[in-house]
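These are the residues of each chain, in order.
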Amino acid sequence: MRFLKVLFWLLLGGLVAAFVIYNGGERVEIRLWGGLVADFSLPLLLILVFLLGLLPSLVAFQALRWRSRQRLAGLERALADLRAVAPSEPAVDASPSALPLIADPRS
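Residues numbered from 1 in each chain as written. Predicted model: local features only at pLDDT ≥ 70, side-chain atom pairs only at ≥ 80, totals over all residues. Heavy atoms only, no water.

**What to know about the overall build of the protein chain**
Looking only at helices and strands, one finds two helices and two strands in the protein chain. Buried residues in the protein chain amount to 5% of all 107 residues. Taking as baseline every contact in the protein chain between residues at least 6 positions apart, the subset at least 24 positions apart corresponds to 13%. A total accessible area of about 10200 Å² is found for the protein chain, and carbon and sulfur atoms account for 70% of it. (Helix = DSSP H or I, 4+ residues; strand = E, 2+ residues; numbered from the N terminus. Buried < 20%, exposed > 50% of the residue type's maximum accessible area, 1.4 Å probe, protein only. Contact = heavy atoms within 4.5 Å. Areas by Shrake-Rupley, 256 points an atom, 1.4 Å probe, with all protein chains shown as cover.)

Right, here's the structure in full:
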């Protein structure tokens, strides 16, 4: 699985590098408020926009992950408390040979 992750990131990095090399000289004008014009390199602009779009998803994922860990830790603490409080009961043998025989009422 690690090999596939490395392969994926290498392919993605190669695609980004090829895009930057091929379109490195392209300039894009962005018209801002008040007549201002920003001149950006196309690859830089696309990488920045991609990262800005990825940021909310990463924040949401990390928050979900943190919340899940907190819930799991709380449940583990509650389970440990229950195990400490509950008296130890003898184990019930649920094997078929330990079950009582019930007479058939039709006979």
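On we go.
**Focus: the pairing of strand β1 (residues 27-31)**
In this sheet, strand β2 (residues 37-41) lies alongside β1 in antiparallel orientation, the contact comprising five bridges. Within β2, the position partnered with I30 by the bridge is A38. Where β1 hands over to β2, the hairpin turn is made up of five residues, of which G34 adopts a positive phi near 65°. (Pairing = 2+ DSSP bridges.)

**Considering the pattern of salt bridges**
Evaluation of the coordinates by the stated rule reveals one salt bridge. Between R27 and D39 there is a salt bridge whose closest N-O contact spans 3.5 Å. With R27 in strand β1 and D39 in strand β2, this pair connects stretches of sequence that are 12 residues apart. Accessibility expressed as a relative area gives 45% for D39, which makes it partly exposed. (Salt bridge = Lys/Arg side-chain N within 4 Å of Asp/Glu carboxyl O.)

**Quick look at the side chain of S41**
Structurally, S41 can be placed in strand β2. If sequence neighbours within four positions are ignored, S41 has contacts with G24, E26 and R27.

**Here's the deal with the confidence of the model for the protein chain**
Residues of the protein chain with pLDDT of at least 70 account for 80%, and the chain-wide mean is 84. For the protein chain, per-element mean pLDDT is lowest for β2, which scores 86, and highest for helix α2 (residues 42-85), which scores 92. (pLDDT = per-residue confidence, 0-100.)

**Quick look at a nonpolar patch on the surface**
A cluster of nonpolar side chains, contributed by F8, W9, L12, V16, F19, V20, L46, I47, F50, L51, L54 and L58, occupies part of the molecular surface with about 1100 Å² of accessible area. Looking at the nonpolar patch, the elements that each hand over two or more residues are α1 (2-23) and α2. Here V16 lies in helix α1. By relative accessible area, which is 37% here, V16 ends up partly exposed. (Patch = residues over 30% accessible without salt bridge, like charges linked within 9 Å, V, L, I, M, F, W, Y side chains within 5 Å.)

**Quick notes on the side chain of N23**
Locating N23 in the fold gives a position in helix α1. If near-sequence neighbours (up to four positions away) are discounted, N23 is found in contact with L42 and P43.

**Here we look at the packing of aromatic side chains**
Tallied over the entire structure, the rule returns one aromatic pair. Measuring from ring centre to ring centre gives 5.1 Å for F8 and W9, while their planes differ by 70°; the resulting arrangement is edge-to-face. (Phe/Tyr/Trp six-rings, centres within 6.5 Å; stacked < 30°, edge-to-face > 60°.)

**So, α2**
Since there are 3.6 residues in each turn of an α-helix, residues three or four apart along the chain are aligned in direction. In a regular helix each residue adds 1.5 Å, so 44 residues correspond to 64 Å; α2 covers 65 Å between its end C-alpha atoms and thus fits that length. Remark: the principal bend of α2, roughly 30°, maps to L54, with a proline, P56, within the next four residues. (Expected span 1.5 Å × (residues − 1). Bend = angle between axes of the 7 residues up to and from the residue.)

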